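# An overview of the molecular structure
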Amino acid sequence: MGLNDLSIEKLRDLLKKKEISVMDIVRDIEAGIAQDDKHELPLNAYINFDINRIKKEAGDLIGNSGKIENTLLKGVPIAIKDLINVIHTPTTCGSNILKNYVSPYDATAITLLKKNGGVPSGKLNMDEFAMGSSNENSYFGAVRNPHDRSKIPGGSSGGPASAVAGNLAVAALGTDTGGSIRQPASMCGVFGIKPTYGRVSRYGLVAYASSFDQIGPITKTVMDGALLLEAVSGYDPKDSTSANVETPVFSDYVGKSIGDLTIGIPDEYFGEGLDDEVRTIVEQGISTLKEAGTGVKRIKLSYTKYAIATYYIIATAEASSNLARFDGIRYGTRYVKTEDLETLYKENRSIGFGDEVKRRILLGTFTLSSGYYDAYYLKAQKARTLIREDFTQAFDEVDIIVTPVSPIPAWDLGQMVDDPLQMYLSDIYTVPVNLAGLPAASVNCGKTSGGLPVGLQLIANHFNESDIFRTASVVEGKVG
Ligand code: GLN
């Protein structure tokens, strides 16, 4: 057992008492990764783990603050999904086109992380440009699920979830555009929270779909999620969609009573396509909350059936525009030498992007083109408003909406790679939350007979993450 097995909460304590040093933890993580690499089926959770760079970060932090023991995270190493910029470190986004890119600056979330005593420690594998639900779309190879290495870890933050669940990281920062924190957290049996849109700055996060993207924690415990979210939240003038709201002390809410809360159960999330075992486990989670004293109401989220189509139209439209900058001139590796500009764009992008990214750029460009704009993009924006209003009405009656995260547990590697539509449909319970900009978490709720974890999704009203932490800690207390 190494220090890599422990939570932020435990390590903070040991660091404070000076029983261990930051580098003791980093060395244990390094040893854990080296050992896993020797496994017949390695998790492949990291794209980059540069011990010298991490040492330098740790040294700077200790040297600069002088009072690291007074910070929130006290020097605990935090691994970072490889689309968040960390200075002097590669940011590949899991893509061939950015494999040589080294960031000249820190994202605001990283600046805040360091200010609060977190040491960025390694860059984690992911679906290319965060497009995917299985982490099989990475240029750096697929990631495996530590609970069963023949299964996917979920995506697109498969690296973060697999590393945290497999004890190759203490905790991680991921991103969630349509479920990429919650779904892999659910499949790997760890905690993950997507904050309210605007809670965490997107400055320095490589954009996939800007009106959805949010950075958030993936952690071993609910308390760790609260500590890490607190560390990276806050208003940032460099992100025009950043919200100027106060950051609550989230950790104060972990373990607090939930007797005053009413939970809402939407019929639409328990219909056809929901796996029987997942249903049973989620229903047990709901019973746990009832026993803890919550009121329960059935609610309607009638526009849920349009969520997948709406999300995949708007997200791909935004992606087609955001990814235009990767052309081998402004950003990205230049693979060809030619005088002809069009050939240069075409060749660089054809070589640099993988199939799924190309599919989405084509789809997004199509829905934005003049003949189809009204029929697809504009209509999707209207549907987005209706989906948002569904939630607004529901939150007039209830405090937390409780649903499954994924209709099925982790599936076999390779099972859905040839069926992108099937893969998109598996996002049914997570994308509505992003369409509405709401905060939502996945907390582990139990395991299937095959030993695969199943998460419970807790959705709250805008900027009400505190109630999510209260509720999640009750479920965690029961399941362990
Ligand atoms: N699976 C969704 C997609 O591929 C969500 C991805 C994400 O949240 N980054 O778009």
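Residue indices follow the written sequence of each chain, beginning from 1 at its first position. It should be noted that, the model being predicted, local features are given only for residues of pLDDT at least 70 and side-chain atom pairs only at 80 or more, the latter also being counted only at that level, while totals for whole chains, interfaces and linings use all residues. The side-chain values count all of the structure's non-hydrogen atoms but skip hydrogen atoms and water molecules.

This brings us to the packing of helix H8 (residues 276–291) against helix H15 (residues 465–479). Where H8 contacts H15, the axes come no closer than 10 Å and their chain directions differ by 110°. When the axes of H8 and H15 are compared, the pair comes out roughly perpendicular. Of the residues in H15, those touching H8 at Thr288, Leu289 and Glu291 are Thr471, Val474, Val475 and Lys478. Here the term charged refers only to Asp, Glu, Lys and Arg, the term nonpolar to Ala, Val, Leu, Ile, Met, Phe, Trp, Tyr, Cys and Pro, and the term polar to all other amino acids, Gly among them. Here the contact of H8 with H15 is built from residues that sort into 3 nonpolar, 2 polar and 2 charged. An axis is simply a line fitted to the C-alpha atoms; with a helix, the fit covers only the stretch in contact. Between two such axes, the angle follows the N-to-C directions and lies from 0 to 180 degrees. Helix and strand definitions here come from DSSP, where helices need a minimum of 4 consecutive H or I residues and strands a minimum of 2 consecutive E residues; each element is numbered from the N-terminal end. What sets the label is the angle itself: under 35 degrees gives roughly parallel, over 145 gives roughly antiparallel, 65 to 115 gives roughly perpendicular, and the rest give oblique. We call two residues contacting when some pair of their heavy atoms lies within 4.5 Å.

We count a salt bridge whenever a side-chain nitrogen from Lys or Arg sits within 4 Å of a carboxyl oxygen from Asp or Glu. Enumeration over the complete set of coordinates arrives at 21 salt bridges. Aspartate 467 is the salt-bridge partner of arginine 470, the closest N and O atoms lying 2.7 Å from each other. Of this pair, arginine 470 and aspartate 467 both sit in helix H15, separated by 3 residues, roughly a single helical turn. Accessibility expressed as a relative area gives 10% for arginine 470, which makes it buried. A simple rule labels every residue: compare its accessible area, found with a 1.4 Å probe on the protein chains alone, to the largest value its type can have, and call it buried under 20%, exposed over 50%, or partly exposed in between.

What follows is about the sheet that holds strand S9 (residues 400–404). By definition, two strands form a pair when at least two bridges between them are found by DSSP. Pairing in this open sheet of 11 strands is mixed, and the strands run S1-S3-S2-S4-S6-S5-S10-S11-S9-S7-S8 from one edge to the other. Sheet topology places strand S1 (46–48) and strand S8 (295–299) at the edges, where each strand pairs with a single neighbour. Looking at each pair of strands side by side, their axes are set apart by 35° on average, direction ignored. As paired elements, strand S5 (residues 191–194) and strand S10 (residues 440–447) share 3 bridges and run antiparallel to each other. Across the sheet, the residue bridging to isoleucine 193 is alanine 441, located in S10.

Neighbouring residues of the ligand: 15 residues in total, closest Thr177, Gly178, Ser180, Tyr208 and Tyr311. N or O atoms closer than or at 3.5 Å make up a polar contact, with two conditions inside protein: a donor-capable atom paired with an acceptor-capable one, and, for residues adjacent in sequence, both atoms drawn from side chains. Here an oxygen atom of the ligand and a backbone polar atom of threonine 177 are 2.8 Å apart. Per-residue accessibility takes into account occlusion by the displayed protein chains alone, with areas from the Shrake-Rupley method and a 1.4 Å probe. Starting from 290 Å² of accessible surface for the ligand in isolation, the protein chains cover 99%. Residues of the shell around the ligand, tallied by class, amount to 5 nonpolar, 7 polar and 3 charged. What makes a residue near a molecule or strand is one non-hydrogen atom of that residue sitting within 4 Å of it.

Here serine 121 lies in strand S3 (residues 119–124). Placed 51 residues apart in sequence, serine 121 and alanine 172 show a C-alpha to C-alpha distance of 9.1 Å. With sequence-adjacent residues up to four places away left out, serine 121 is seen in contact with Tyr46, Phe49, Ile54, Pro77, Ile78 and Ala79. Here valine 119 takes part through its backbone oxygen, which lies 2.9 Å from a polar atom of the side chain of serine 121.

Peptide bonds are mostly trans, and most non-glycine residues show a negative phi. Backbone torsion omega between glycine 155 and serine 156 reads 5°, so that peptide bond is classified as cis. On the secondary structure map, serine 156 appears in the loop between S3 and helix H5 (158–165). The phi dihedral of lysine 74 falls on the positive side, at around 55°, and the residue is not glycine. Tracing the backbone shows lysine 74 in the loop between helix H3 (51–65) and strand S2 (77–81). Of note, cysteine 93 is a non-glycine position whose phi angle comes to about 55°, a positive value.

Now for the pairing of S5. Of the two faces of S5, the one holding Phe191 and Ile193 and the one holding Gly192 and Lys194 are both buried throughout. When S5 meets strand S6 (residues 214–219), the two strands line up antiparallel, connected through 2 bridges. Bridge pairing in S6 places glycine 192 opposite isoleucine 218.

A separate point is the nonpolar core. Tyr46, Phe129 and Phe391 are the most contacted members of the largest nonpolar core, which has 134 residues in total. Element by element, the count of residues in this core is highest for helix H9 (residues 307–322), at 9 residues. Definition of nonpolar core: a set of buried residues of the types Ala, Val, Leu, Ile, Met, Phe, Trp, Tyr and Cys, connected through side-chain atoms within 4.5 Å. In this structure, Met187, Trp411, Met416 and Leu452 belong to the second largest nonpolar core, which totals 7 residues.

With that settled, the discussion passes to the side chain of glutamate 356. Position of glutamate 356 relative to the elements: it lies in helix H11 (residues 355–368). In this structure the side chain of glutamate 356 is engaged in a polar contact, spanning 2.7 Å, whose partner is the side chain of arginine 360. Not counting the four nearest positions on each side in its chain, glutamate 356 is found in contact with Met131, Asn137, Pro420 and Tyr424.

On to the packing of aromatic side chains. Pairing of aromatic rings covers Phe, Tyr and Trp, the last through its six-membered ring, and needs centres within 6.5 Å; plane angles under 30 degrees mean stacked, over 60 mean edge-to-face, and all others mean tilted. What the rule picks out here adds up to 18 aromatic pairs. Seen in terms of ring centroids, tyrosine 105 and tyrosine 203 are 5.6 Å apart; in terms of plane orientation they differ by 55°. Their pairing is tilted. Within this pair, whereas tyrosine 105 is found in the loop between S2 and helix H4 (108–115), its partner tyrosine 203 is found in the loop between S5 and S6, the two being separated by 98 residues in sequence. Look at tyrosine 311 and tyrosine 312: their rings are 4.8 Å apart centre to centre, the planes differ by 90°, and that puts the pair in the edge-to-face class. Classification of tyrosine 311 by relative accessible area gives buried; the value is 3%. Put simply, the rings of Tyr101, Phe129, Phe326, Tyr331 and Phe353 pair up and form one aromatic cluster.

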